[in-house]
Amino acid sequence: MITVLSGGTGTPKLLEGLVKVSDPKNLNIIVNTLENDYFSGVYVAADIDTVMYTLAGIINTETWYGIENDTFITHETLKEINCPETLRIGDKDRATKIQKTMLMEKYPLSTVVNIQKNALGIKSEIKPMSNDKSNITIVTDQGEMKFHEFLIEKQGKPHVKDIFYNQVEPSPGLIESIEESEMVILGPSNPITSLWPIISMKHVVKTLEKAYVVGISPIIGNSPVSGPAAKFMNALGHDVSCFGVAKMYSKFLDKFIIDLVDVDYKDQIERLIPEAVVTNTNMKNIGDKMMLAKISLGEII
Ligand SMILES: C[C@H](OP(=O)(O)OP(=O)(O)OC[C@H]1O[C@@H](n2cnc3c(=O)[nH]c(N)nc32)[C@H](O)[C@@H]1O)C(=O)O
Ligand SMILES: O=c1nc2n(C[C@H](O)[C@H](O)[C@H](O)CO)c3cc(O)ccc3cc-2c(=O)[nH]1
Ligand SMILES: [Mg+2]
């Protein structure tokens, strides 16, 4: 089994390649839940829905959230009746979220995700990192705010001074699934708000130290391909580079894949961890995604 830690939009792109070059039944995706919250009366597990839709082949690949060719009648009507929603949620996507909200009255999130991913014909395992309620606070020069207020209402503009979130328990079977994996892939997602919340849970670091762990840098040169990762890394004093990310993961990382433009970091990184591999990591098409997936699996040296 191959376990992949995922959040946001970076790792789902890699997943599109992984399911083409390896058996989807052999994949176990552990997904960030830090940003989960109620919006417009429904429970939104954004990173989980993005992984589900990506593995079901129905993801909107412009936005990396929601379902391709979805309509927005309810979203527009909410605006017309002066009840605008923060997230632009499509009608089909909202149905999935309404079902998730209703099922969560009876079952824990991990069970609900299992029901929904099986109904979408997905063969891979998808595990929320935790069934506990997460919450994250972004401390900025404009005061403290929730993740989506920062990202959407403020368009990621404020200067970030600190980030903090509550500690949650790993979901059932998460630790065991890492122990049973022949490889753990830390996908190219935001190291601060997508992967570190998973890594920092009880027993995860000690379990990763015993596993074979491959990471892919989400930072190319001195900036992320998308999103607020640079502001978050700066706020917490990390160098915004593949080297800064390698340092974060160095305790348990066995191989780190960095972009061609970062070739000069290879020697420095190999003083921290056993192996750094230099290749194109900017996934612009399915060919890039399959190539990066194969290199992550060690099939191409
Ligand atoms: C809004 C969202 O940001 P965030 O919550 O930070 O989402 P992620 O956890 O996915 O972080 C984005 C993260 O992903 C990296 N990324 C994206 N595409 C690529 C790629 O083709 N190659 C590569 N090496 N990294 C990639 C990106 O640099 C960010 O650091 C969001 O951005 O959607
Ligand atoms: O920046 C946005 N992110 C939107 N997201 C993404 C979400 O904000 C997450 O932050 C990303 O998935 C990155 O983690 C959505 C996710 C959903 O599952 C459903 C709807 C949306 C809508 C938006 C949106 O309007 N703007
Ligand atoms: Mg994210």
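Under an unreviewed UniProt entry, the name given to the protein chain is 2-phospho-L-lactate transferase, and the source organism is Methanobacterium lacus. Within the UniProt record for the protein chain, the comment given under Cofactor (unreviewed entry) is "Mg(2+)".

1. A short note on the sheet that holds strand β13 (residues 255–259)
Across the sheet, seven strands lie side by side as β5-β2-β1-β9-β10-β13-β14; this open sheet has parallel pairing. For this open sheet the edge positions go to β5 (125–128) and β14 (275–279), each flanked by a neighbour on one side alone. Geometrically, the sheet is characterised by an average inter-axis angle of 20° between neighbouring strands, direction not taken into account. Sheet analysis places strand β10 (residues 213–216) next to β13, joined by three bridges and oriented parallel. By the bridge assignment for β13, G215 is matched with F256. Helix α13 (residues 286–296) contacts β9 (183–186), β10, β13 and β14 of the sheet and is inclined by roughly 150° relative to β13.

2. Side note on the packing of aromatic side chains
For the structure shown, the criterion picks out five aromatic pairs. Note on Y38 and Y43: the rings are 5.2 Å apart at their centroids and 65° apart in plane angle, and the pair reads as edge-to-face. What links up through ring pairs into an aromatic cluster is the set F147, F150 and F232. Over the ring of F72 we find R88, and its NZ or CZ is 3.7 Å from the ring centre.

3. Comments concerning the packing of helix α8 (residues 191–199) against helix α11 (residues 242–249)
Remark: α8 packs on α11, axes separated minimally by 12 Å, with the N-to-C direction vectors making an angle of 15°. With respect to α11, the element α8 is oriented roughly parallel. Handedness of the α8/α11 crossing: right-handed. In contact with P191, I192, L195, W196 and I199 of α8, α11 contributes V245, M248 and Y249. The residue inventory of the contact of α8 with α11, partitioned by class, reads eight nonpolar, no polar and no charged.

The rules behind these values
- Residues numbered from 1 in each chain as written.
- Chains lettered and ligands numbered in written order.
- Predicted model: local features only at pLDDT ≥ 70, side-chain atom pairs only at ≥ 80, totals over all residues.
- Heavy atoms only, no water.
- UniProt positions renumbered as here; feature names shortened; annotations may be inferred.
- Pairing = 2+ DSSP bridges.
- Helix = DSSP H or I, 4+ residues; strand = E, 2+ residues; numbered from the N terminus.
- Axes fitted to C-alpha atoms, helices over the stretch in contact; angles between N-to-C directions.
- Contact = heavy atoms within 4.5 Å.
- Phe/Tyr/Trp six-rings, centres within 6.5 Å; stacked < 30°, edge-to-face > 60°.
- Lys NZ or Arg CZ within 6 Å of the ring centre and 35° of its normal.
- Parallel < 35°, antiparallel > 145°, perpendicular 65-115°, else oblique.
- Left-handed = near helix turned anticlockwise from the far one by under 90°.
- Nonpolar A, V, L, I, M, F, W, Y, C, P; charged D, E, K, R; others polar.

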